[in-house]
Amino acid sequence: MGRSREAAVSVAHATVRPFNEEAAKVGYVRGMGAVLQLLEKAKRDGRKLLAVLVDPDLGEQGDLLERTVQNACTAKADLILVGGSLLTSTAFDACVRKVKQLSAGRPVVLFPGSPTQLSAHADAVLFLSLISGRNPELLIGHHVTAAPTVRALGLEAVPTGYMLVDGGRPTTASYVSQSHPIPSDKPGVACAVAMAGELLGLRSIYLDTGSGAMNTVQPEMIHAVRGCVDLPIIVGGGVNDAQTARSLCEAGADVLVVGKPFERDPELVFALSEAVHA
């Protein structure tokens, strides 16, 4: 075994978290493929999951970050995602570390907008490929850059087909990715893209209208994608109320992600949790 490989294995072993009672309560124990197993088991069992997306820039607002994560845990959110399309602070690693400390055993999963958004304090990373676009950097380029770091940090990588959907207005995600979102009234296009991702070996599909979107992914599109792929489906963007959350889960979403609305109204997560877990 070469020196670089030994170093990577050493780092990986050092970052594995032991079993604890809080982790058991949310059905999660960190290990090889544990986050993907959690997603797949929830799909098999018909159990819906709620994920709270934390903006890494909150790392510079300690009180707000702490309240956000604590409310997420109190409301029984199943996962906590950290990441975003655009990072304006240098507090990413500190933010992930703090989120993990406060997560009460819940998996902390990176939702990276670039290869710089990686941290050994997380449990896993959504290894996102923007399959709805044609930007080569977001299809494979960034993955090549990030792969050695992901391996060295011992992070579980969840191969995820990221599909940007039109949410009624341009978002940071569409601007930064330089890609055109899938039209919201074209479920057939979404199905073809999702099927291509499944045939390529991706293990989950993420349908997203992006942060700040006016609308969420239409239930008709989620239902169509649910009917053509046998993968966990993650849905985010534009989820502002419990009724919307419920309709998206009924349409076939396995994991519902809420971000900006929760930051504006931390109490919202309780209503959303009740709707998702009903």
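This structure is a prediction, so every number in the text was calculated from the model and none was measured. (Residues numbered from 1 in each chain as written. Predicted model: local features only at pLDDT ≥ 70, side-chain atom pairs only at ≥ 80, totals over all residues. Heavy atoms only, no water.)

On strand β2 (residues 79–82), burial covers both faces: Leu79 and Leu81 on one face and Ile80 and Val82 on the other are all buried. As judged from the 4 bridges shared by strand β1 (residues 49–54) and β2, these two strands associate in the parallel manner. Within β2, the position partnered with valine 52 by the bridge is isoleucine 80. (Buried < 20%, exposed > 50% of the residue type's maximum accessible area, 1.4 Å probe, protein only. Helix = DSSP H or I, 4+ residues; strand = E, 2+ residues; numbered from the N terminus. Pairing = 2+ DSSP bridges.)

This model, assessed by the stated rule, comprises 2 cavities of 30 Å³ or more. Size it by volume and the largest cavity reaches roughly 380 Å³. Taken together, 22 residues line the largest cavity, and the ones lying closest to its centre are Pro112, Gly113, Ser114, Leu128 and Leu138. The set of elements that each furnish at least two residues to the lining of the largest cavity consists of β4 (124–130), α6 (136–153) and α7 (172–177). By residue class, the composition of the lining of the largest cavity is 15 nonpolar, 7 polar and no charged. By volume, the second largest cavity is sized at about 60 Å³. In this structure, the second largest cavity is lined by Val35, Leu39, Ala51, Leu79, Leu81, Val109, Leu126, Ile234 and Val255. Listing elements by their share of the lining of the second largest cavity, those giving two or more residues are α3 (34–45) and β2. Here the residues of the lining of the second largest cavity sort into 9 nonpolar, no polar and no charged. (1 Å grid on protein atoms, 1.4 Å probe; cavity = no way out; pocket = protein on both sides within 12 Å on 5 of 7 lines; lining within 4 Å. Points joined across faces, edges and corners; volume = space filled by probe spheres on them. Nonpolar A, V, L, I, M, F, W, Y, C, P; charged D, E, K, R; others polar.)

Turning our eyes to something else, we now look at helix α5 (residues 92–102). If you check which residues of α5 are buried, you get Phe92, Cys95, Val96, Val99, Lys100 and Leu102. Projection of α5 onto a plane perpendicular to its axis shows the buried side chains occupying an angular sector of 165°, all on one side. Elements in contact with the buried residues of α5: β1, α4 (62–74), β2 and β3 (108–110). Downstream of α5 by one or two residues, alanine 104 has phi in the positive range, about 55°. (Arc of directions from axis to C-beta. Contact = heavy atoms within 4.5 Å.)

Here we come to a nonpolar patch on the surface. Side chains of Leu86, Tyr175 and Val176 sit close together on the surface and give an oily, nonpolar patch of about 350 Å² of accessible area. Tracing the chain through its elements places valine 176 in helix α7. For valine 176, a relative accessible area of 33% gives the class partly exposed. (Patch = residues over 30% accessible without salt bridge, like charges linked within 9 Å, V, L, I, M, F, W, Y side chains within 5 Å. Areas by Shrake-Rupley, 256 points an atom, 1.4 Å probe, with all protein chains shown as cover. Salt bridge = Lys/Arg side-chain N within 4 Å of Asp/Glu carboxyl O.)

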